[in-house]
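For reference, the chains in residue letters:
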Amino acid sequence: MRPDNGERAIVQIVVRDNNVEQALRALKKKMQREGTFREMKRRNHYEKPSEKKARQKAEAIRRARKLARKRAQREGLIAKRGGRR
């Protein structure tokens with residue numbers, strides 16, 4: 001839910017039993033998942049068009065490699081990596 005046309009996405013977190021710490025953790029997790037922190041860090045300084053192009057190309061390569069790795073894991077060509085899930 002990341003609008004690229006200048007609109008702002010509304011993020012809503014419910015605070016249950018006055019547990020603000022839990023709500024804050026949920027908010028941070030949601031913002032991390034949506035890439036909000038990365039976007040804020042990126043917008044903090046001016047990015048030259050050449051740097052933007054290089055970053056977008058690197059991100060595309062990273063996504064393609066991740067997709068290929070997931071596909072290979074599903075097909076059983078490589079072992080699944082250990083980790084939390």
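Going by an unreviewed UniProt entry, the chain carries the name Small ribosomal subunit protein bS21 and comes from Maricaulis virginensis. Per UniProt, the comment on the chain under Sequence similarities (unreviewed entry) is "Belongs to the bacterial ribosomal protein bS21 family."

All right, on to the overall build of the chain then. Within the chain one finds three helices and zero strands. Moving toward the C terminus, one meets the helices and strands of the chain in the order α-α-α. Burial statistics for the chain: of 85 residues in total, 8% are counted as buried. Working note: accessible area of the chain is about 8,700 Å², and carbon and sulfur atoms make up 50% of it.

Here the focus is the pattern of salt bridges. Evaluated as defined, the whole model comprises five salt bridges. Notably, a salt bridge pairs R43 with E39, separated by 2.7 Å at the nearest N-O pair. Of the two residues, R43 and E39 are both situated in helix 2 (residues 36-43); the distance of four residues between them amounts to about one turn of the helix. Note on R43: relative accessible area 63%, which makes it exposed. Residues R55 and E59 are paired through a salt bridge, measuring 3.2 Å at the closest nitrogen-oxygen approach. Here E59 and R55 lie together in helix 3 (residues 49-75), a separation of four residues that amounts to about one turn. Through salt bridges with shared partners, a single ionic network connects E39, R42, R43, E47, R55 and E59.

Right, let's get into unusual backbone geometry. At D17, a position not held by glycine, the phi torsion is positive, near 55 degrees. Relative to the assigned elements, D17 resides in the segment before helix 1 (20-34). A positive phi angle is found at N18, which is not glycine, with a value near 55 degrees. Accessibility expressed as a relative area gives 72% for N18, which makes it exposed.

About the criteria used
Residues numbered from 1 in each chain as written. Predicted model: local features only at pLDDT ≥ 70, side-chain atom pairs only at ≥ 80, totals over all residues. Heavy atoms only, no water. UniProt positions renumbered as here; feature names shortened; annotations may be inferred. Helix = DSSP H or I, 4+ residues; strand = E, 2+ residues; numbered from the N terminus. Buried < 20%, exposed > 50% of the residue type's maximum accessible area, 1.4 Å probe, protein only. Areas by Shrake-Rupley, 256 points an atom, 1.4 Å probe, with all protein chains shown as cover. Salt bridge = Lys/Arg side-chain N within 4 Å of Asp/Glu carboxyl O.

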